[in-house]
Amino acid sequence: MRIIVICGAGASSTFVATRLRRAAKAVGLELDACASSLAASAEMMGSADAVLVGSHVGDALDSVHAHARARGVPAAVLPADIAHDREGTIALGIVRELIPRIR
């Protein structure tokens, strides 16, 4: 499973991706979570099983969702307080909603 976590410059998405990998490993899921900036996200989506988008990217959300839909990749906006998800369990829960087969 490959999950792309997108934010403006790729910094905060790195924290979310790291925590998401840790949470998945803790429950026995094989999951590759990769951070991406907005600029690089379109080309990365082709290999993704799901996309998580930082709520702080504002106006770009519609564009990111359109790119994801065009590639048949489910996408969700992360909650504004995702930085408080220290264990990655909230992000993992969102991924599980997007990809029901990994429940």
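In this report, the structure presented in the accompanying data block is examined. (Residues numbered from 1 in each chain as written. Predicted model: local features only at pLDDT ≥ 70, side-chain atom pairs only at ≥ 80, totals over all residues. Heavy atoms only, no water.)

## Concerning the side chain of Asp-85
Now for step 1: Tracing the sequence through the fold places Asp-85 in the loop between strand S4 (75-77) and helix H4 (89-98).
Now for step 2: Look at Asp-85: it is buried, it has no salt bridge, and the nearest opposite charge is Arg-19 at 6.9 Å.
Now for step 3: In terms of polar contacts, Asp-85 uses its side chain to reach the backbone amide nitrogen of Thr-89, at 3.1 Å.
Now for step 4: A polar contact is formed between the side chain of Asp-85 and the backbone nitrogen of Ala-91, at a distance of 3.0 Å.
Now for step 5: Apart from residues no more than four positions distant in its own chain, Asp-85 is found in contact with Arg-19, Ile-90 and Ala-91. (Helix = DSSP H or I, 4+ residues; strand = E, 2+ residues; numbered from the N terminus. Buried < 20%, exposed > 50% of the residue type's maximum accessible area, 1.4 Å probe, protein only. Lys, Arg positive; Asp, Glu negative; His and termini not counted. Salt bridge = Lys/Arg side-chain N within 4 Å of Asp/Glu carboxyl O. Polar contact = N/O pair within 3.5 Å; in protein donor to acceptor, adjacent residues only side chain to side chain. Contact = heavy atoms within 4.5 Å.)

## Some thoughts on the environment of Ala-39
Now for step 1: Summarising the element assignment, Ala-39 is placed in helix H2 (residues 38-44).
Now for step 2: Distance from Ala-39 to Gly-8, taken between C-alpha atoms, is 8.0 Å for residues 31 residues apart in sequence.

## Notes on the nonpolar core
Now for step 1: Among the nonpolar cores identified, the biggest contains 20 residues, and Ile-3, Leu-20, Leu-31, Leu-52, Leu-78 and Val-95 are the most heavily contacted of them.
Now for step 2: Contributing elements (two or more residues each) for this core: strand S1 (2-7), helix H1 (11-26), strand S3 (50-53) and H4.
Now for step 3: It is H1 that contributes the most residues to this core, five residues altogether.
Now for step 4: The residues touching Leu-31, leaving out its near neighbours within four places in the chain, are Met-1, Ile-3, Leu-20, Arg-21, Ala-24, Leu-92 and Val-95. (Core = buried A, V, L, I, M, F, W, Y, C linked by side-chain atoms within 4.5 Å.)

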